[in-house]
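Structural overview for review
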Amino acid sequence: MVKLTLIARVTDGLPLAEGLDDGRDLKDAEFYKQQAKALFKNLSKGHNEASRMSIETGPFVFHYIIEGRVCYLTMCDRAYPKKLAFQYLEDLKSEFEKVNGNQIETAARPYAFIKFDTFIQKTKKLYLDTRTQRNISKLNDELYEVHQIMTRNVQEVLGVGEKLDQVSQMSSRLTSESRIYADKARDLNRQALIRKWAPVAIVLGVVFLLFWVRKKIW
């Protein structure tokens, strides 16, 4: 079944949309998302220019199509039919071009078309069960064949500089940096509270001291 779905602009690797609910039941989901982003980065540099490709990664396979400077990528179980995976991507491509085609080049921020998730989730459900009559018909459709689509390994595609272990380190580093950021945020909040209440504490301390001194004198 479909595990992840991401859409990005090929020219610069900018992520445009993704399946928001994807990966919730997937172990190491963040690791595979980092792999997908590394693939987008390679594509933005002009590497792996095949317009359609399947890329094996662990127990899963990335499938992608490139059309109109946009890469539509999904990750599925290895056992999931390759033909259905590419039909799924074709459905996403057709709708995305129809709805957002004239805004793709001008999009300036990541996930500018995040609302497309609604269509992603609806379409993913249609491809969930490979045994439905609809999907069996698609598997038997000779008008769309995928035999010529190349299948490669993710280590080979990402190259020496982006091996699996390095992508894993990238994901770990991002997690570590997030923790550091959270710690710094807590420190800043603590310092802000100290700056806010320190004058009050000093005044109260002085008042208390004056009362104590006065009591001792009298």
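Quantities reported herein were computed from a predicted structural model and do not represent experimental measurements.

Section: the overall build of the chain
Helices and strands together make up the secondary structure of the chain, namely six helices and six strands. Counting across all 218 residues of the chain, residues that qualify as buried make up 40%. Look at the contacts in the chain between residues 6 or more apart in sequence, and 65% of them connect residues 24 or more apart.

Quick word on the packing of aromatic side chains
How two aromatic rings sit relative to each other is given by the distance of their centres and the angle of their planes. The full count for this structure, using the stated rule, is seven aromatic pairs. Seen in terms of ring centroids, Phe 96 and Phe 113 are 5.5 Å apart; in terms of plane orientation they differ by 90 degrees. Their pairing is edge-to-face. Here the residue Phe 96 occupies a position in helix α2 (residues 82-100), and Phe 113 occupies one in the loop between α2 and α3 (117-126), the gap between them amounting to 17 residues. Neither Phe 96 nor Phe 113 differs from the other in exposure class; each is buried. Plain terms: the ring middles of Phe 116 and Phe 119 are 5.4 Å apart, the flat faces sit at 35 degrees to each other, and that makes the pair tilted. A connected cluster of aromatic rings, assembled from ring pairs, spans Tyr 72, Phe 96, Phe 113, Phe 116 and Phe 119. Against the face of Tyr 127 rests Arg 134, its NZ or CZ located 4.5 Å from the ring centre.

As for the pattern of salt bridges
In total, this model carries nine salt bridges according to the counting rule given. Lys 33 serves as the salt-bridge partner of Glu 18, at 3.5 Å between the closest nitrogen and oxygen. Remark: Lys 33 occurs in helix α1 (residues 29-44) and Glu 18 occurs in strand β2 (residues 15-18); sequence separation between them is 15 residues. On the basis of relative accessible area, Glu 18 is assigned to the buried category, the value being 10%. Of the charged contacts, one joins Arg 152 and Glu 156 as a salt bridge, the two residues approaching to 3.3 Å between their closest N and O atoms.

With respect to the pairing of strand β1 (residues 2-9)
Regular strands have side chains that alternate between both faces of the sheet. With eight of its eight residues buried, β1 lies for the most part within the structure. For β1 and strand β5 (residues 70-77), the ladder comprises seven bridges, and the chain directions are antiparallel. Bridge assignment links Ala 8 to a residue of β5, and that residue is Cys 71. Pairing between β1 and β2: three bridges, direction antiparallel. The partner of Ala 8 across the bridge, within β2, is Pro 15. Turn length for the β1-β2 hairpin, with the two strands adjacent in sequence and antiparallel, is five residues, and the turn residue Gly 13 shows positive phi of about 75 degrees.

Comments concerning the environment of Ala 108
Position of Ala 108 among the secondary structure elements: in the loop between α2 and α3. Distance from Ala 108 to Leu 16, taken between C-alpha atoms, is 9.5 Å for residues 92 residues apart in sequence.

Some remarks on the nonpolar core
Judged by nonpolar contacts, the single largest core of 26 residues is most densely connected at Ile 7, Leu 16, Phe 96 and Phe 116. Looking at which element gives the most residues to this core, the answer is α2, with seven residues. Beyond its immediate sequence surroundings of up to four residues, Phe 116 is in contact with Ile 7, Ala 17, Leu 92, Glu 95, Phe 96 and Asn 100.

Things to note about the packing of α2 against α3
In the contact formed by α2 and α3, the axes pass within 10 Å of each other and the chain directions differ by 150 degrees. Viewed along their axes, α2 and α3 adopt a mutual orientation that is roughly antiparallel. Note on packing geometry: the crossing formed by α2 with α3 is right-handed. Residues Tyr 88, Asp 91, Leu 92 and Glu 95 of α2 form the contact with α3, whose participating residues are Phe 119, Ile 120, Thr 123 and Lys 124. Considered class by class, the residues forming the contact of α2 with α3 number four nonpolar, one polar and three charged.

Observations regarding the confidence of the model for the chain
Scored by pLDDT, the chain comes out at a mean of 82, with 81% of its residues at no less than 70. The lowest-confidence element of the chain is helix α6 (residues 164-217), averaging 66 in pLDDT; the highest-confidence one is β5, averaging 95. Long-range and interchain partners of residues 160-165, a stretch whose pLDDT sits below 50, account for twelve contacts in this model, where long-range means more than four residues apart.

Overview of unusual backbone geometry
Despite not being glycine, Asp 28 shows a phi value in the positive range, around 60 degrees. Mapped onto the elements, Asp 28 comes out in the loop between β2 and α1. Although it is not a glycine, Arg 69 adopts a positive phi angle of roughly 65 degrees. Arg 69 gets classed as exposed once you look at its relative accessible area, which sits at 52%.

Definitions and cut-offs
Residues numbered from 1 in each chain as written. Predicted model: local features only at pLDDT ≥ 70, side-chain atom pairs only at ≥ 80, totals over all residues. Heavy atoms only, no water. Helix = DSSP H or I, 4+ residues; strand = E, 2+ residues; numbered from the N terminus. Buried < 20%, exposed > 50% of the residue type's maximum accessible area, 1.4 Å probe, protein only. Contact = heavy atoms within 4.5 Å. Phe/Tyr/Trp six-rings, centres within 6.5 Å; stacked < 30°, edge-to-face > 60°. Lys NZ or Arg CZ within 6 Å of the ring centre and 35° of its normal. Salt bridge = Lys/Arg side-chain N within 4 Å of Asp/Glu carboxyl O. Pairing = 2+ DSSP bridges. Core = buried A, V, L, I, M, F, W, Y, C linked by side-chain atoms within 4.5 Å. Axes fitted to C-alpha atoms, helices over the stretch in contact; angles between N-to-C directions. Parallel < 35°, antiparallel > 145°, perpendicular 65-115°, else oblique. Left-handed = near helix turned anticlockwise from the far one by under 90°. Nonpolar A, V, L, I, M, F, W, Y, C, P; charged D, E, K, R; others polar. pLDDT = per-residue confidence, 0-100.

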